[in-house]
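In case you want the letters, here they are:
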Amino acid sequence: MWNEFNIKTFPAETIVFRNGKYLPESSTLKNTNIDCNYDKPVHIIYIGEISGENILDINITAQHQPIYLSMNIKNDTDAKIYLKINNHGENSEFRGHVMLENSKNLTFDCTGIHDCSNTTILLKAKLIANTNSISKLTGNSIISSNIENVINDIGFSAITTKNAKIEFNPTQHISSIPKSADHSASINNLSNFQIQFLHNSGLSNQEIDIIKREAFKNDFSLF
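To keep things clear, this report deals only with the structure shown in the data block.

Turning next to the overall build of the protein chain. Assigned secondary structure in the protein chain consists of three helices and 14 strands. Against the 2.2 N^0.38 benchmark of 17 Å for 223 residues, the protein chain shows a C-alpha radius of gyration of 18 Å, consistent with a compact globule. Considering only C-alpha atoms, the protein chain reaches an extent of 55 × 40 × 30 Å along its principal axes. The buried share among the 223 residues of the protein chain stands at 43%. For the protein chain, long-range pairs separated by at least 24 residues make up 83% of all intrachain contacts whose partners lie at least 6 apart in sequence. Carbon together with sulfur atoms contributes 47% to the accessible area of the protein chain, which is approximately 11300 Å² in total. Averaged over its 19 positive side-chain charges, the protein chain has a centre that lies 6 Å from the centre of its 23 negative ones.

The next subject is the packing of aromatic side chains. For the coordinates displayed, the defined rule picks out five aromatic pairs. Pairwise contacts between aromatic rings join Phe-17, Tyr-22 and Tyr-46 into one cluster. The ring centre of Phe-216 lies 4.5 Å from the NZ or CZ of Lys-126, which sits over that ring.

This part takes up the environment of Asp-109. Tracing the sequence through the fold places Asp-109 in strand β9 (residues 105–114). Judged by relative accessible area, which is 19%, Asp-109 ranks as buried. Put simply, Asp-109 and Lys-84 are 25 residues apart on the chain and 8.2 Å apart in space, counted from C-alpha to C-alpha. The contacts of Asp-109, once residues within four sequence positions are left out, are Ile-81, Tyr-82, Leu-83, Thr-138 and Asn-140.

With that settled, consider the sheet that holds strand β11 (residues 134–143). Across the sheet, six strands lie side by side as β3-β5-β7-β9-β11-β13; this open sheet has parallel pairing. If you trace the sheet from one side to the other, it starts and ends with β3 (33–34) and β13 (165–174), each paired once. Judged from the nine bridges that link them, strand β5 (residues 52–60) and strand β7 (residues 79–87) form a sheet pairing that is parallel. From the neighbouring strand, Ile-58 faces β7, where its bridge partner is Ile-85.

By size, the foremost hydrophobic cluster in this structure holds 36 residues, and its most contacted members are Leu-69, Met-71, Leu-83, Phe-94, Phe-108 and Leu-123. It is strand β10 (residues 120–129) that contributes the most residues to this core, five residues altogether. Contact partners of Phe-108, with chain neighbours within four places excluded, come to Met-71, Ile-81, Leu-83, Val-98, Leu-100, Ala-125, Lys-136, Leu-137, Thr-138 and Phe-156. Ile-7, Val-16, Leu-23 and Ile-45 belong to the second largest nonpolar core, which has five residues in total.

Within strand β6 (residues 66–75), seven of the ten residues are buried, which leaves the element mostly enclosed by the surrounding structure. Relative to β6, strand β4 (residues 42–49) is paired through eight bridges, and the arrangement is parallel. In the sheet register, Ile-47 faces β6, and the bridge partner there is Asn-72. Judged from the ten bridges that link them, β6 and strand β8 (residues 93–102) form a sheet pairing that is parallel. Bridge pairing in β8 places Ser-70 opposite His-97.

Rules and cut-offs
- Residues numbered from 1 in each chain as written.
- Predicted model: local features only at pLDDT ≥ 70, side-chain atom pairs only at ≥ 80, totals over all residues.
- Heavy atoms only, no water.
- Helix = DSSP H or I, 4+ residues; strand = E, 2+ residues; numbered from the N terminus.
- Rg over C-alpha atoms; globule rule 2.2 N^0.38 Å.
- Buried < 20%, exposed > 50% of the residue type's maximum accessible area, 1.4 Å probe, protein only.
- Contact = heavy atoms within 4.5 Å.
- Areas by Shrake-Rupley, 256 points an atom, 1.4 Å probe, with all protein chains shown as cover.
- Lys, Arg positive; Asp, Glu negative; His and termini not counted.
- Charge placed at Lys NZ, Arg CZ, Asp CG, Glu CD.
- Phe/Tyr/Trp six-rings, centres within 6.5 Å; stacked < 30°, edge-to-face > 60°.
- Lys NZ or Arg CZ within 6 Å of the ring centre and 35° of its normal.
- Pairing = 2+ DSSP bridges.
- Core = buried A, V, L, I, M, F, W, Y, C linked by side-chain atoms within 4.5 Å.

Nothing here speaks to function; it is all geometry.
Listed below in structure tokens is the structure:
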């Protein structure tokens, strides 16, 4: 399963979902309420094919706890996924890597909430938008009042194929001055010069598309 979805594993407490369903046989924790501190990081793994409406709520109240999210999903029918990260744990850090492949209509809605000082939420979501697909990616950052040293960054990047439509919606609701708070959104297709160079090297359009997708999927050097 790990090789299939290009998920890097490491010593951790695990919470695993496949096709939108929790897998107890692959998990060491029962749910995504992180309410006590563990000796190892918590690794939430969300993989497979989704359809319809899907909700993933991550509630962090433990202090000094590192939490990682690895999400690698695709959809061939209309799908929505709502991801909410509530970080209430002082000095707890959340880092998320999300890989989406949309072949129909996809809504990805991510909300990161800080209501405690010294909390971190960092998430990068990458989208492959296939032909004629419609994608809507929303990132909401909420920083409560009277808290300090918050770090927040929700970023989106995408590659597209013919007639794909993408909408990015980043928003911030900040009631305290954060240590840092960023949003980003970008389209990362090859330039005409790069495509011509690859053609001159003897590669077909299909081979160039495979190279482009694999390079995009494997480049998570954003943190």
